[in-house]
Amino acid sequence: MLLTLILVALPATSGAHPLDRDAYSLRSGLKMGPSGLMAVVILEKPTQFVLDDLRSAPDPWTGKRAGEEEEDTVPARRPGQDEANAYAKRQFDDLAAGLSMTVNGVRVEQSFRTRDSRINGKAGRGFFVYIVELTVPRQPGWGDRVEVVLRNDSFPIEPMYYSGLARGEGRWRVTRDSAAERLGEDRGSGLPDDPRSWTPDDTLRTLTAVFEHKADAPVVTKDD
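Only a predicted model underlies this, so the values are computations on that prediction, with no experimental measurement involved.

1. Digging into the overall build of the protein
For step 1, the next point in the chain: Helix and strand counts for the protein stand at 4 helices and 11 strands.
For step 2, the next point in the chain: By sequence separation, contacts in the protein at least 24 residues apart represent 72% of the contacts at least 6 residues apart.
For step 3, the next point in the chain: Accessible surface for the protein amounts to roughly 11,900 Å². Of this, 51% is attributable to carbon and sulfur atoms.

So this is what it looks like as structure tokens:
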């Protein structure tokens, strides 16, 4: 849960938002804990893009598009909730379809699913938010050193900013985080409202993290 909260935290002020309002964002997160591995991927799509898409879609019953006037001057049709829900589902499906993950070089066959969250699929601060996640229970064969590679090929041609982070919980520690390597020592807080945590460099479509289990490390609880 902590990883998701960090990834989706909204900026305190609109001026602190690091993104161009005409660009998408993709954030990837990995967390290893006593029970296993969690991966979270978040797409933010500019609100105006979503509204334009909905207005340009034909009505499934009449074939008319939103804004088209009827000959008898009936008010222009507005996209209905069913259309909005169907649109959101397409975003979730497209996001999940472009994701792949390996653990110690072995492909994870489970599919990402839509996260159950009140903000998911909704608009806020100029962007619609779409979140998918995948939880993999800890496997005995993983050992005490686990390398995870999360690859994101979703939405390949849209203007995009990227961010990512890896976190360890309990006795798991992160010994490599490719997002930290790419963003450099001045990556800031790693939180989404910090401009230093973002880059237009699409090498961050791949997040690589190495987790090591330290038997003598202090246990980190959820309250720490």
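2. A look at helix 2 (residues 47-56)
For step 1, the next point in the chain: Buried within helix 2 are the following residues: Thr47, Val50 and Leu54. For helix 2, the angular spread of buried residues about the axis comes to 65°, placing them on one side.
For step 2, the next point in the chain: Residues of helix 2 that are buried in the fold lie against strand 2 (36-46), helix 3 (81-97), strand 6 (123-124) and strand 7 (127-137).

3. A closer look at the sheet that holds strand 4 (residues 106-107)
For step 1, the next point in the chain: If you walk across this open sheet you meet the 5 strands as 4-3-8-11-10, and the pairing is antiparallel. Strands with a single pairing partner mark the edges of an open sheet, and in this sheet they are strand 4 and strand 10 (172-177).
For step 2, the next point in the chain: Summarising the sheet, strand 10 and strand 11 (residues 206-213) pair through 5 bridges and their orientation is antiparallel. Within strand 11, the position partnered with Arg176 by the bridge is Val210.

Thresholds, definitions, all that
Residues numbered from 1 in each chain as written. Predicted model: local features only at pLDDT ≥ 70, side-chain atom pairs only at ≥ 80, totals over all residues. Heavy atoms only, no water. Helix = DSSP H or I, 4+ residues; strand = E, 2+ residues; numbered from the N terminus. Contact = heavy atoms within 4.5 Å. Areas by Shrake-Rupley, 256 points an atom, 1.4 Å probe, with all protein chains shown as cover. Buried < 20%, exposed > 50% of the residue type's maximum accessible area, 1.4 Å probe, protein only. Arc of directions from axis to C-beta. Pairing = 2+ DSSP bridges.

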